[in-house]
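Chain by chain, the residues run as shown.
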Amino acid sequence: MSIEVLTLLFFGSLLFFLLLGLPLTFVLGGVSVVFLYFTWGFDSFYMVASQILGTMNSFTLVAIPLFVFMAMVLERTGVAKDLYRMMHLWFGGLRGGLAIGTLVICAVFAAMVGISGAAVVAMGTIALPSMLERGYDRKMALGVINTGGGWGILIPPSILMILYALITGVSVGQMFAAGVMPGVLLMVLTVVYILVRSTLQPHLAPALPPGERGTWPEKFRALRAVLLPIGVVLMVLGSIIGGITTPTEAAAMGVLGALISAAVYRQFKWSIMHEAAIRTFKLTGMIMWILFAAHAFSAAYQSMGAQDLIEGLMQLIPGGPWGIIIAMMVIVFFLAMVLDPVGIMLITLPVFMPIVKSLGFDPIWFGILFVINMEIGYKTPPFGFNLFYLKGVVPPGITMKDIYGSVIPFVVIEILAIAIIMVFPEIATWLPGLFF
Amino acid sequence: PVAAQDTVTWKVQAHWPAASSSYTDSLKRLKRVLDERTDGQLQLKLYEAGALFSAKETFNAVSRGILEMGVISPGYAQDKMSLAGIASGLPFAFRNVWEVAYFHKNLGFEQMLRDEAAEHGVYWSTDKVFTTEMVVKKPINSWEDFTSLKIRSSGALQKFLTDAGASASYIPGSELYSALDSGIVDGAHWGAVQGAASMSLYEVAKYHVKPALNIAGTDVFLINQKALNKLPEDMQKIVKDTLNEQFWIRTNEYQFKERKTLATIQAEQGVKITKLPEDVQAKLTEAAKETWEEEGKRSEKAQKALNMLKDYLADLGYL
Amino acid sequence: MNVLTAFITGVTRLNDFVGRWLALLVFVMFVLLIGEVGFRYLLNAPTSWTNELTQMLFGVYAVMSGGYILAHKGHVNVDLLHSHLSPRKRALMDIATSLLFFIFTLALLWFGIDMARESMASWETSYSAWNPPIWPVKLAIPVGTGLLVLQGLAKLLEDIAIAFNLDYYRPVSDTSEGEQS
Ligand code: NA
Ligand code: NA
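We now turn to the structure provided with this report. (Residues numbered from 1 in each chain as written. Chains lettered and ligands numbered in written order. Predicted model: local features only at pLDDT ≥ 70, side-chain atom pairs only at ≥ 80, totals over all residues. Heavy atoms only, no water.)

Some words on the overall build of chain C
Across its full length, chain C holds six helices and zero strands. In sequence order, the secondary structure elements of chain C are arranged as α-α-α-α-α-α. For chain C, the C-alpha radius of gyration of 20 Å lies well beyond 16 Å, the compact-globule estimate for 181 residues. Scored against the burial criterion, the 181 residues of chain C give a buried share of 55%. At a minimum sequence separation of 6, the contacts of chain C that also span at least 24 residues come to 71%. Accessible surface, chain C as shown: approximately 8100 Å² in total, 70% of it carbon and sulfur. Across chain C, the 11 positively charged side chains and the 14 negatively charged ones have centroids separated by 7 Å. (Helix = DSSP H or I, 4+ residues; strand = E, 2+ residues; numbered from the N terminus. Rg over C-alpha atoms; globule rule 2.2 N^0.38 Å. Buried < 20%, exposed > 50% of the residue type's maximum accessible area, 1.4 Å probe, protein only. Contact = heavy atoms within 4.5 Å. Areas by Shrake-Rupley, 256 points an atom, 1.4 Å probe, with all protein chains shown as cover. Lys, Arg positive; Asp, Glu negative; His and termini not counted. Charge placed at Lys NZ, Arg CZ, Asp CG, Glu CD.)

Overview of the interface of chain B and chain A
At the interface, 32 residues of chain B touch 38 residues of chain A. In this assembly, chain B packs against chain A so that about 2800 Å² is buried in total across both faces, 60% of it on carbon and sulfur atoms. Sorting the residues of chain B by area buried against chain A places B:L52, B:I66 and B:E175 first, and these three jointly supply 19% of that buried surface. Linking chain B to chain A there are one salt bridge. Between A:D308 and B:K45 there is a salt bridge, with its nearest N and O atoms 3.5 Å apart. Here chain B is connected to chain A by 10 residue pairs in polar contact (both at pLDDT 80 or more). Those elements that place two or more of their residues in the side of chain B that touches chain A are β2 (42–47), α2 (55–64) and α8 (173–182) of chain B. Among the residues making up the side of chain B that touches chain A, the classes are represented as 17 nonpolar, eight polar and seven charged. (Buried area = accessible area lost by both parts, 1.4 Å probe. Salt bridge = Lys/Arg side-chain N within 4 Å of Asp/Glu carboxyl O. Polar contact = N/O pair within 3.5 Å; in protein donor to acceptor, adjacent residues only side chain to side chain. Nonpolar A, V, L, I, M, F, W, Y, C, P; charged D, E, K, R; others polar.)

Regarding a nonpolar patch on the surface
Residue and element names in this part refer to chain A. On the surface, V180, M181, V184, V188, V192, V196, L200, W430 and L434 cluster together into a nonpolar patch covering about 820 Å² of accessible area. Every element with two or more residues in the nonpolar patch is listed here: α10 (172–200) and α22 (426–435). If one sorts the elements of the nonpolar patch by residue count, α10 sits on top with seven residues. Here M181 shows up in helix α10. (Patch = residues over 30% accessible without salt bridge, like charges linked within 9 Å, V, L, I, M, F, W, Y side chains within 5 Å.)

Things to note about the sheet that holds strand β9 (residues 207–210) of chain B
All names here are of chain B. Spatial strand order, β7-β6-β8-β5-β9-β11: six strands in an open sheet with mixed pairing. Strands at the two margins of the open sheet, each flanked by one partner only, are β7 (167–169) and β11 (272–275). Each strand of the sheet is rotated relative to its neighbour by a mean of 30°, with strand direction disregarded. Pairing of strand β6 (residues 150–152) with strand β8 (residues 187–189), which is carried by two bridges, proceeds in the parallel orientation. Within β8, the position partnered with R152 by the bridge is A188. Along the sheet, helix α7 (residues 155–164) makes contact with β6, β7 and β8, crossing β7 at roughly 160°. (Pairing = 2+ DSSP bridges. Axes fitted to C-alpha atoms, helices over the stretch in contact; angles between N-to-C directions.)

Describing the coordination of the sodium ion (ligand 2)
Residue and element names in this part refer to chain A. Surrounding the sodium ion (ligand 2) are the protein donor atoms A336 (O) and G377 (O), at 2.0 Å. A residue pair is termed long-range when its members are at least 10 positions apart, and A336 in helix α16 (residues 320–338) and G377 in helix α18 (residues 363–377) qualify at 41 residues. Each of the two residues, A336 as well as G377, counts as buried. (Donors = N, O, S within 2.8 Å, 3.2 Å for Na, K, Ca; no water.)

A look at the interface of chain C and chain A
Opposite the 62 residues of chain C that make contact, chain A presents 72 residues. For the pair chain C and chain A, the summed buried area comes to about 6300 Å², and 77% of that belongs to carbon and sulfur atoms. It is C:V76, C:F104 and C:F111 that lose the most area in chain C upon contact with chain A, and together they represent 12% of the buried surface on that side. Linking chain C with chain A are two salt bridges, by the criterion used here. In this structure, A:K391 engages C:D79 in a salt bridge whose closest nitrogen and oxygen atoms are separated by 3.4 Å.

Considerations on the coordination of the sodium ion (ligand 1)
Residues and elements named next belong to chain A. Every protein donor of the sodium ion (ligand 1) is listed here as A110 (O), V113 (O), G152 (O), I155 (O) and P157 (O), and their distances to the metal cover 2.2 to 2.4 Å. Of note, the sodium ion (ligand 1) draws all its donor residues from one chain, in the sequence arrangement A-x2-V-x38-G-x2-I-x1-P. Taken together, the residues span a long stretch of sequence, with A110 in helix α6 (residues 97–112) and G152 in the loop between α8 (138–149) and α9 (159–168) at a distance of 42 residues. Note on accessibility: A110 and G152 belong to one class, buried.

A few points about unusual backbone geometry
For the peptide bond that leads from A:P156 to A:P157, omega is 0°, which places it in the cis range. In this structure, A:P157 sits in the loop between α8 and α9. Note the cis peptide between B:K210 and B:P211, where omega equals -5°. Among the secondary structure elements, B:P211 is positioned in the loop between β9 and β10 (214–224). Here C:W123, not a glycine, exhibits a phi torsion of approximately 40°, which is positive. Inspection of the secondary structure puts C:W123 in the loop between α5 (87–121) and α6 (135–163).

Examining the pairing of β10(B)
Residues and elements named next belong to chain B. Across the 11 residues of β10, 11 count as buried, placing the element largely inside the fold. Sheet topology note: the strand β3 (residues 69–72)/β10 ladder contains four bridges and is antiparallel. Across the sheet, residue I72 finds its bridge partner in β10, namely V220. Note: strand β4 (residues 122–132) against β10, nine bridges, orientation antiparallel. Bridge pairing links T131 to I215 in β10.

Describing the pattern of salt bridges
Using the criterion set out here, one finds 34 salt bridges over all chains in the structure. Between B:E36 and B:R32 there is a salt bridge, and its shortest N-O distance comes to 3.9 Å. Linking B:E36 with B:R32, this pair stays in helix α1 (residues 21–37), spanning four residues, or about one helical turn. Take B:R32: its relative accessible area is 48%, and that puts it in the partly exposed class. A salt bridge links B:K237 to B:D241, with the nearest nitrogen and oxygen atoms 2.7 Å apart. With B:K237 and B:D241 both in helix α11 (residues 233–269) and four residues apart, this pair spans about one turn of that helix. Because the salt bridges share partners, they merge into one network encompassing B:R64, B:K80, C:D114, C:R117 and C:E118.

Structural data, given as structure tokens:
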């Protein structure tokens, strides 16, 4: 069977079983096993077990339970709630103020984590209830968390950028530097979108009625609420930048900060800690089982000859250097709907990079486009991992349909950002050029 | 056996990323040469690091016949191969690459490895011999400089460096750059010059340390014995001869590329070479001898290989 | 009590028990990582074992969570169709798709056992500087998968009871903690 037909069947059956309501992890795992059986035989299932072992041994993923636990503690002890109360008092008069505040927290979180997943789950826990309580439209709130939660891989440190650098041979430092301005661009575009949208449709992100905006003394008293979160952030970022910890170990500093905050709030109680630990276990396990199956799925797809498919596709592309770059972006966009980012990189980059370089494009610039595209992939239906991570923390009553629907404008914004960076490559290349 | 006109395709899982020089120079070369010499009847289907199996699982996958072929470092086969420790390089034993080549091919160490791998249904063939060298953020001028270092290391070398007095810790490759940059560690080894350059380490650590921590046959081809036996006899011979030839070509070529890369990074990134002072080298060699003895205790074969190695080092005038 | 009922409750309790204890590992991982930072930064003496031990615990923590999460309906799915169906029809559909669940988990169980047995035959160690035994981590794969398979069986029995109105299982509203759907 040709790889084209296999691809259609492979992704078709994923979609089919997913729609029937089987959890994502079992769909990915089950379809991998069935296809491996028909293409490679029974013994190849060993690969599935082996991929799971490999995922268990990935040190960078250790940050997930720690960051999730940090968020759980900050939420359960009331620290997060007070932070949102403060934001509401100060920015409540501004339509969309809380959404913008959430995006700022997301950007700070992104500077602390190098992986996706942790930020989405953490922000879903902290920010979503606060926005919903204050009358925000659910799609607006979900979309903001989905998009901001994904910035972790664009704003350094970023495990995906390191992987890109390793696969393509470019400089890690340059990749990190190149990600900063596009990150700012994305943030500006998203904030502008929220301001415009909530001006046109005030019910989506309502302002606080003037009577509830609080007096100045109240506002200043509420400011105390930022001290602890800022302390936590300083502990994490400070220990990364100051050379005290690796990004993964920094997650433990975050937990330490959260525990200190709990003590300050006189909430350092076993009942709260135990409950936070159990919710952390459930969410981390949910993420990890998706990753287990996703890695097995990528390996199965590669064993069937995914790279041949990409090579074949590239030969069909007409239309000059820019046509080729855009075609690559489209291929990545579609792959990202169904595959995990690491798998996409392994499948496409070895085919793409020689072409990109021979066309005379800057691999760093291409890498930024690629990473933003991955970020889009994290939140495009049906398989965007962030969508599922978020589903794991939303209150009952919010369905996958809400989550799927929430991402559309934000995906459009990111596509716009890619287009802008294509037209003005300096946005990505200026900063690394300055340093290296 | 395979009929004369059939085409055989082997899946090959490497432990190299597709961008690494060895993926092209070793793996794609082997694919091309085998294709030529078998008139297209033996095809290799290449998979880069981690695509199907992790490096640690590749030996098992080849042994089970799920993969016909794999490329690993001996260190990843420790559980199956008691000789793997010696194969992945005893610290401060050899001083030149040719000495290791001679040890493998002329003194019979390669055959010993091949015999042990055969117990697991695997045909073992070393791709090349090369050095493992450190990069550090500040020069090492004294024993105190060395012992105050925090070094990112792994496996046997981590133990050796710790025992020798430095502080060696393991940090995964994905965090190595950040760790060196921010000063969590002051030094690291990732292959030698090309390896460190591929990880961008010279951007954040400007001193390249000589001499090598070890020199060894650190890249190895594995073939499932049954898959090999299924080939017609002449084709089996082509595979074995090509691999043997590859060892010499690649060992030599790699040395050239190391030297060339070193010249480039010295010129373009201002990297300097720092040579370990004589007394530091002497102390490290003393400490290394304990590590050697440990490896010998792994099995009778390992003891035999170690004795052979020590006799050889004595012949060379190093002991 | 019917034997099927007993099986369903027994498996769920087992996974609950395992989960409640394993959840505490997050504290251990935290202490180990913070400890390593302290050793390295304050005492300038990084250890050879904390990161590796953390890694091993994390692997066990992750792979053993499958059954507990299934028991608490924490494996996320797409509910586009699900949310429009009656409980009976939903149960019928889950019975059908459970085939794919069992194909995946049983394949994993089979080769997980294989992998663990091979590792235990040599009491495999990691050959790192610390060199701890790593067979327990490999053993966690079949054990964790086994717990997941058991919970999957329990869920299948529940779905059969709901779909065909059998009396060995009466659905009650999920009284577990947390608000996950
Ligand atoms: Na980040
Ligand atoms: Na996606």
